[in-house]
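# Analysis of the macromolecular model
Here is how the chains run, residue by residue.
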Amino acid sequence: QLQLVESGGGLVQPGGSLRLSCVASGFTLDYYAIGWFRQAPGKEREGVSCISGSGGSANYADSVKGRFTISRDNARNTVWLQMNSLKPEDTAVYYCAARFVGYSDYVGFIDFGSWGQGTQVTVSS
């Protein structure tokens, strides 16, 4: 049983910051790329950021580049998404997801098979 649990969401004012956490269990984390996705009401799910299995590479959506930072510590089975300079349009449910990649440096947003339950992020004044 592969399991991912997100936490850290909440209500924040525009310009503020949040750090989301994703804790994994049931698999060897270093063989999996971890992605952060979000879905706002009435919109399609979109990829936000992805980090390679080793943590050596990362990718960001243009809408969050320069504001968000993804990181991981495989020894702690944890991936973080640091979100700074938050905007109202960042409001969404944020999900982490895992894709088996072996030893590759995959940092895309396709074919993630294991998903967390999501954590709500609301940016409002």
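Reference entry: report on the structure contained in this document. The residue count restarts for each chain, going from 1 along the sequence in the order it is written. Under the rules for a predicted model, residues below a pLDDT of 70 receive no local features and side-chain atom pairs below 80 are neither given nor counted, while totals for whole chains, interfaces and linings still include all residues. To obtain the side-chain values, all non-hydrogen atoms of the structure were included, while hydrogens and water were left out.

## Points about the packing of aromatic side chains
When two rings of Phe, Tyr or Trp (its six-membered ring) have centres within 6.5 Å they constitute a pair, described as stacked for plane angles under 30 degrees, edge-to-face for angles over 60, and tilted for the intermediate range. With the rule as written, the count across this model stands at nine aromatic pairs. Here Phe37 and Phe109 contribute two aromatic rings whose centre-to-centre distance is 5.8 Å and whose plane-to-plane angle is 80 degrees, an arrangement assigned as edge-to-face. Linking Phe37 in strand 4 (residues 32–39) with Phe109 in the loop between strand 9 (92–100) and strand 10 (114–115), this pair joins segments that are 72 residues apart in sequence. Each residue is placed in one exposure class: buried if its accessible area under a 1.4 Å probe, protein chains only, is under 20% of its type's maximum, exposed if it is over 50%, and partly exposed if it falls in between. Among the residues examined, Phe109 registers a relative accessible area of 28% and is labelled partly exposed. Helix numbering and strand numbering both begin at the N terminus, where a helix is a DSSP run of H or I of at least 4 residues and a strand a DSSP run of E of at least 2.

## Points about the sheet that holds strand 7 (residues 68–73)
Paired strands are those between which DSSP finds at least two bridges. Ordered in space as 1-3-8-7, the four strands form an open sheet in which the pairing is antiparallel. A strand with exactly one partner marks an edge of an open sheet, and here the two such strands are strand 1 (3–7) and strand 7. Going from strand to strand, the sheet's axes swing by 15 degrees on average, the running direction of each strand aside. With six bridges connecting them, strand 3 (residues 18–25) and strand 8 (residues 78–83) associate as antiparallel partners. Note that in strand 8 the partner of Arg19 across the bridge is Gln82. Axis definition: a line fit to C-alpha positions, over the contact stretch in the case of helices; interaxial angles, taken between N-to-C directions, run 0 to 180 degrees.

## A short note on the side chain of Thr119
Topologically, Thr119 is positioned in strand 11 (residues 119–123). The exposure class assigned to Thr119 is buried, which follows from its relative accessible area of 10%. A polar contact of 3.1 Å, which involves the side chain of Thr119, links it to the backbone nitrogen of Gly9. By definition, residues are in contact when any of their heavy atoms lie within 4.5 Å. With sequence-adjacent residues up to four places away left out, Thr119 is seen in contact with Glu6, Ser7, Gly8, Gly9, Leu20, Ala92, Val93 and Tyr94. We define a polar contact as two N or O atoms separated by no more than 3.5 Å, with the added condition that, inside protein, one atom must be a possible hydrogen donor and the other a possible acceptor, whereas residues neighbouring each other in sequence contribute only through side-chain atom pairs.

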